[in-house]
Amino acid sequence: MLTYLRKRIISSALPLVVVVVGVFALARMTGNPASLYLPLNATQQMRDDFTARNGLDQPLLVQMADYFGGVLRLDFGQSLRTGQDAAAMALRAFPATLQLAATTMVLAVVLAVIVGCWAALKPNGVADRISSFISMAAASIPDFWLAIVGIWIFAITLGWVPTSGVSGASAWVLPIATLLLRPFGVLVQIVRGSMVSALSEPYIKLARSRGAGELRVVTHHALRNAAAPALTVAGDLTVGLVNGAVVVETIFGWPGIGKLMIDSILQRDFAVLQAAVLLTAVAIFALNILIDMGYALLDARVRPVTVKA
Amino acid sequence: MKTAADPSTRQNPQGSAGPAGAQAHDVVLQVSDLAVDIRTHRGTVRAVNSVGFEARAGETLALLGESGCGKSMTAKALAGIMDPVCDLADGRIVLNGTDLAALTPKERLKFAGPELGIVFQDALTALNPVYTVGTQLGEAFRIHRGLNAKQARAEAIDLMKRVGIPEPESRVNSYPHQFSGGMRQRILIAMAVALNPRLLIADEPTTALDVTVQAQIMQLLRKLREEGQMAVILITHDLAVVAEEADSVAVMYAGNVVESGPVAEVFADPRHPYTKGLLESVPVHLERGDQLKSIPGSPPELHDIPSGCVYQSRCPMVQDICRAERPALRPAGRRRTPSGTATAAADPEQTTSAGTNDGGATVRPVRTAACHFSEEITNA
């Protein structure tokens, strides 16, 4: 297991470098921050000074080498906007995103498993049709539209929840409900599909022939076999939430990493953007390793180190 | 062969070692008028039609027939594990005095395991890939006897010993894919006999195995049958297996039993043209290059079964009456008259023997055939 983890960590180092290089180069194509940070009537001399002070006059490769040199010393640079340590800003924003993503995914998975199993019990039955309709709708509604409609109805018209921010539990309701819908819809369909095929396997019949009741057959025998595809998709959806509840975080003013990224792009705050992207990338690699370990936990046939036979 | 209706064997408590005082040759299972419907896009078809037979303690009944004749469907109906598109349309499945067909699915669960076990053909897909064999072997004990995980594991090890799996203490923690085909089949059998059921249904248990392993598995089934005085229903298309293993046989064709009786008698003197055709298709004294005999044509499609005899399209003896009227299962063959009516007194169940019964003919097992001309078949 440790060998496996070590291999995975080493093999993920290169993609991380590529990600940072890409973001580094792309960010600098968006323009010179000098025009944003200096007054409109700034002289060319002031602009040149600003550029030189922040090292932006150097060739791209030199800037990049400087940056990587810093990263190796765990120095991720300072924010142009606030002068704070970029890494600290990213780390401060990340928990808000993680909490939002984790709560959303836990709810989505639990609901999707219940609804998906219920639908799979009788393929093409009433429950299946209802859940199919709901999940299709849930997976197709765009989140920005839903967020705005949600704010309009529940925050402005009814006044039940705040329009934005993180003050109190009620502030969580709208962002989570908005984020939840798509993963829920997609997962219901995955769970339903893999449960239908698992439930038609001979080992299910055999379990029934041993006297296993419906609940035991579904939760004990079928669900674990049906879990792998759902785990893949749930992992993918979580990745989406971790790096980019951008729309929802922006609409609801959620102080997470997505909002930080958008703000740093708009402000040409390169160091913060790079730190945020690097942090997100590391989190996604960690998540992928967790997902792979999840497969191994579920099914002995995909365990990297064979159990002694 | 334990087919002779000898009262002395009945009085001899041969099966006292078995569970719940099961006596050898007692009727354990009596199936009558069993009918199974399949719902398809093209309407409902009857896959199993008025099938009847009985299985006796310590004996093997073979259900013989080609693919699609309804033998596996019959097995699944008996075990209560039919596919969702199938319905039990009619019939009685009396296991030890309880009609399983009249029970709700929930009530039947109590019988699944302690009274009735089933072995499937393909042991790899029949075992759950994500659990160790120990977990799966122990499950019956946890469900029906409320044992905890540790006790169930000990029972699993005992079972693995019973079916001849080497090193059960370490193998109990292995997963199905870590076993060979023969060992997997042994595990499946162990699972079916875990709670010493009265009836064991073996649905083509050796079809997926090579010949040497086949022999071992059949030997194991025989041993377990003797130990537990189980009634065994062996579902197969293999005439040789029937001849070697079974005491009695029911030949199925297009969802119907066309002939039944003691194996030796049915095979020596078939009373239905289909049985006769099957037996003639076995190559005997053939030279290389000789033409193998076969039954021309193919079985009717399920949604297109003719109203008369099910075998009419392939029968060499077909007459007008065969197209007009479906023959019922009637006593047939030389041994239709009873040689010892004493058997009837020993067990009241006996008076309602399998198939139709034209009164008095209670010799067991009754030889029956569903053919208008069964007495005219000549077996040279």
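Residues numbered from 1 in each chain as written. Chains lettered and ligands numbered in written order. Predicted model: local features only at pLDDT ≥ 70, side-chain atom pairs only at ≥ 80, totals over all residues.

Draft legend 1. Main features of the overall build of chain B. Across its full length, chain B carries 14 helices and 12 strands. When each of the 380 residues of chain B is scored for burial, the buried share is 51%. (Helix = DSSP H or I, 4+ residues; strand = E, 2+ residues; numbered from the N terminus. Buried ≥ 20, exposed ≤ 12 C-beta atoms within 10 Å, placed from the backbone.)

Draft legend 2. How the structure looks around the overall build of chain A. A count of helices and strands for chain A gives 13 helices and zero strands. Tracing chain A from N to C terminus, the helices and strands come up as α-α-α-α-α-α-α-α-α-α-α-α-α. Referenced to the eigenvectors of the C-alpha coordinate spread, the extents of chain A come out at roughly 85 × 60 × 30 Å. A total of 309 residues make up chain A; the buried ones form 33% of that total. Sequence separation of at least 24 residues holds for 71% of the intrachain contacts in chain A that already meet a minimum separation of 6. (Contact = placed C-beta atoms within 7 Å.)

Draft legend 3. Highlighting the pairing of strand 10 (residues 256–262) of chain B. All names here are of chain B. Buried residues dominate strand 10, accounting for seven of its seven residues. Pairing of strand 9 (residues 248–253) with strand 10 involves six bridges; the strand directions are antiparallel. Counted as the bridge partner of alanine 250 is serine 260 from strand 10. Connecting strand 9 to the antiparallel partner strand 10 that follows it, the hairpin turn spans two residues, and alanine 254 within it adopts a positive phi of roughly 50 degrees. By the bridge criterion, two bridges tie strand 10 to strand 12 (residues 368–369) in an arrangement that is antiparallel. (Pairing = 2+ DSSP bridges.)

Draft legend 4. Spatial organisation of the packing of helix 5 (residues 86–121) of chain A against helix 6 (residues 126–140) of chain A. All names here are of chain A. Taken N-terminus to C-terminus, the directions of helix 5 and helix 6 make an angle of 140 degrees; their axes are 7 Å apart at the nearest point. By the angle class used here, helix 5 and helix 6 are oblique. In the packing of helix 5 onto helix 6, the handedness of the crossing is left-handed. Residues Val115, Trp118 and Ala119 of helix 5 touch helix 6, and the partners they reach there are Ala127, Asp128, Ser131 and Ser132. (Axes fitted to C-alpha atoms, helices over the stretch in contact; angles between N-to-C directions. Parallel < 35°, antiparallel > 145°, perpendicular 65-115°, else oblique. Left-handed = near helix turned anticlockwise from the far one by under 90°.)

Draft legend 5. Quick peek at helix 8 (residues 170–199) of chain A. Of all the bends in helix 8 of chain A, the largest measures some 30 degrees and sits at leucine 180 of chain A, one to four residues before the proline proline 183 of chain A. Judged by how many residues are buried, helix 8 of chain A sits mostly within the fold: 21 of 30 residues are covered. (Bend = angle between axes of the 7 residues up to and from the residue.)

Draft legend 6. Looking closely at the domain arrangement of chain B. You can read the domains of chain B as domain 1 (25–246) and domain 2 (270–380). One C-alpha centre belongs to domain 1 of chain B, the other to domain 2 of chain B, and the line joining them spans 27 Å. (Domains from an automatic or database assignment.)

Draft legend 7. The arrangement of the domain arrangement of chain A in detail. All names here are of chain A. Each assigned domain of chain A is listed with its residue range as follows: domain 1 (2–72) and domain 2 (86–302). For domain 1 versus domain 2, the separation of C-alpha centres amounts to 32 Å. Contacts between domain 1 and domain 2 engage 13 residues on the former and 12 residues on the latter. It is helix 1 (residues 2–29) that contributes the most residues to the side of domain 1 that touches domain 2, nine residues altogether. Along the lines of polarity and charge, the residues of the side of domain 1 that touches domain 2 split into eight nonpolar, three polar and two charged. (Nonpolar A, V, L, I, M, F, W, Y, C, P; charged D, E, K, R; others polar.)

Draft legend 8. Quick look at the sheet that holds strand 1 (residues 27–40) of chain B. Residues and elements named next belong to chain B. Spatially, the four strands line up as an open sheet ordered 2-1-4-5, and their pairing is antiparallel. Each end of this open sheet is capped by a strand with a single partner; those strands are strand 2 (43–56) and strand 5 (98–99). As judged from the eight bridges shared by strand 1 and strand 4 (residues 86–95), these two strands associate in the antiparallel manner. Paired with alanine 35 across the two strands is aspartate 90, which belongs to strand 4.

Draft legend 9. Up close: the nonpolar core. Core analysis: the largest hydrophobic core is formed by 167 residues, its most contacted members being Ala90, Leu187 and Ala275 of chain A together with Leu199 and Ile233 of chain B. Take this core: its biggest share by element is 16 residues, from helix 5 of chain A. Once residues lying within four places of it in the same chain are set aside, the contact partners of alanine 90 of chain A are Ile257, Leu260, Val272, Ala275, Ala276 and Leu279 of chain A. (Core = buried A, V, L, I, M, F, W, Y, C linked by C-beta atoms within 7 Å.)

Draft legend 10. Molecular detail of the interface of chain A and chain B. Counting from both sides, the interface comprises 19 residues of chain A and, opposite them, 24 residues of chain B. When residues of the side of chain A that touches chain B are traced back to their parent elements, those giving at least two are helix 9 (202–209) and helix 10 (214–244) of chain A. When residues in the side of chain A that touches chain B are grouped by element, the largest group, six residues, is from helix 9 of chain A. Partitioned by chemical class, the residues of the side of chain A that touches chain B number seven nonpolar, five polar and seven charged.

Draft legend 11. Seen up close, the pairing of strand 6 (residues 116–119) of chain B. Residue and element names in this part refer to chain B. A two-sided burial pattern is seen for strand 6, the buried positions comprising Leu116 and Ile118 on one face and Gly117 and Val119 on the other. Relative to strand 7 (residues 199–203), strand 6 runs parallel, the two being bridged by four bridges. Looking at the pairing, leucine 116 lines up with leucine 199 of strand 7.

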